[in-house]
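What follows is each chain in one-letter form.
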Amino acid sequence: MELSDLRREESRLVADVGARLERRGWQASAARSARLTMDATPGIENRIQLNIRIAAALGNIRMQPAVGVRHREISRLSALFFRLPASLPDTSPSAGLNVSELLPDCRVGWAGFHGP
């Protein structure tokens, strides 16, 4: 399996999962389609990050989603305190975990595609 084939499949997988989440009210990030958000309350948003790992030697793609929450004001103040770029608060959650950390029986992630 060629790396280019795996990259195309990665894009298709992110688009498919993203579309399903968007139908449920999540919004894809303009900067990165693998990051989706949904407002929880004013100033606080829920996040899903579709982390994809490609193992070209094995010919497979593994999806390891992460969930998080971002408090906009805390993110803004953290960026100000640490003198980070103004765009950074929009990219970093205030707290987050990989789904595999929430589900102890799920040690290997979710396989999305296996090549021949």
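Everything that follows concerns the structure shown earlier in this document.
Model, not experiment: these values are computed from the prediction.

Trainee: Is there a simple way to think about the overall build of the chain in this case?
Mentor: Scanning the chain from N- to C-terminus turns up 3 helices and 6 strands. For the chain, the succession of helices and strands along the chain, N to C, is α-β-β-β-β-α-β-α-β. Partitioning the contacts of the chain with sequence separation of at least 6, the portion at a separation of at least 24 is 50%. In the structure as shown, the chain presents an accessible area of about 7,600 Å², 57% of it carried by carbon and sulfur atoms.

Trainee: Even after reading the chapter, I still don't get the side chain of Glu-10, so can you show me in this structure?
Mentor: For Glu-10, the location among the structural elements is in helix α1 (residues 3–22). With residues near it in sequence (within four places) discarded, Glu-10 still touches Ile-52, Ile-54 and Ile-61.

Trainee: I would appreciate a short explanation of unusual backbone geometry in the present structure.
Mentor: The bulk of non-glycine residues show a negative phi, and the bulk of peptide bonds are trans. Even without being a glycine, Arg-83 presents a positive backbone phi close to 55 degrees. Position of Arg-83 relative to the elements: it lies in the loop between α2 (72–81) and β5 (95–98). For Arg-83, a relative accessible area of 77% puts it in the exposed group.

Trainee: Honestly, the environment of Asp-5 in this entry has me stumped. Any pointers?
Mentor: Looking at the element boundaries, Asp-5 is found in helix α1. Along the sequence, Asp-5 and Gly-59 sit 54 residues apart, while their C-alpha atoms lie 9.3 Å from each other.

Trainee: Got a minute to help me understand the pattern of salt bridges in this structure?
Mentor: Side-chain pairing between opposite charges can occur once the charged atoms of the two side chains come close. Scanning the entire structure with this criterion turns up 9 salt bridges. The closest approach of N and O atoms between Glu-45 and Arg-72, which form a salt bridge, is 3.0 Å. Of the two residues, Glu-45 sits in strand β3 (residues 44–55) while Arg-72 sits in helix α2, which places them 27 residues apart along the sequence. Look at Glu-45 and you get buried, because its relative accessible area is 6%. Residues Arg-76 and Glu-73 are paired through a salt bridge, measuring 2.7 Å at the closest nitrogen-oxygen approach. With a gap of 3 residues between them, Arg-76 and Glu-73 both fall in helix α2, about one helical turn apart. The structure contains a network of salt bridges with shared partners spanning Asp-39, Glu-45, Arg-47, Arg-70 and Arg-72.

Trainee: Explanation requested: a nonpolar patch on the surface in the structure shown.
Mentor: Residues Val-67, Leu-97, Leu-102 and Leu-103 make up a contiguous nonpolar surface patch of about 310 Å² in total accessible area. One can find Leu-102 in helix α3 (residues 99–102).

Trainee: Which parts of the structure should I look at to understand the environment of Asn-98?
Mentor: Residue position: Asn-98 is located in strand β5. Of the residues examined, Asn-98 reaches a relative accessible area of 30% and is grouped as partly exposed. Separated by 47 residues in the primary sequence, Asn-98 and Asn-51 have C-alpha atoms spaced 9.0 Å apart. In this structure, Asn-98 is in contact with Asn-51, Gln-64, Pro-65 and Ala-66, ignoring residues within four places of it in sequence.

Criteria and thresholds
- Residues numbered from 1 in each chain as written.
- Predicted model: local features only at pLDDT ≥ 70, side-chain atom pairs only at ≥ 80, totals over all residues.
- Heavy atoms only, no water.
- Helix = DSSP H or I, 4+ residues; strand = E, 2+ residues; numbered from the N terminus.
- Contact = heavy atoms within 4.5 Å.
- Areas by Shrake-Rupley, 256 points an atom, 1.4 Å probe, with all protein chains shown as cover.
- Buried < 20%, exposed > 50% of the residue type's maximum accessible area, 1.4 Å probe, protein only.
- Salt bridge = Lys/Arg side-chain N within 4 Å of Asp/Glu carboxyl O.
- Patch = residues over 30% accessible without salt bridge, like charges linked within 9 Å, V, L, I, M, F, W, Y side chains within 5 Å.

Coordinates in, geometry out; function isn't part of it.
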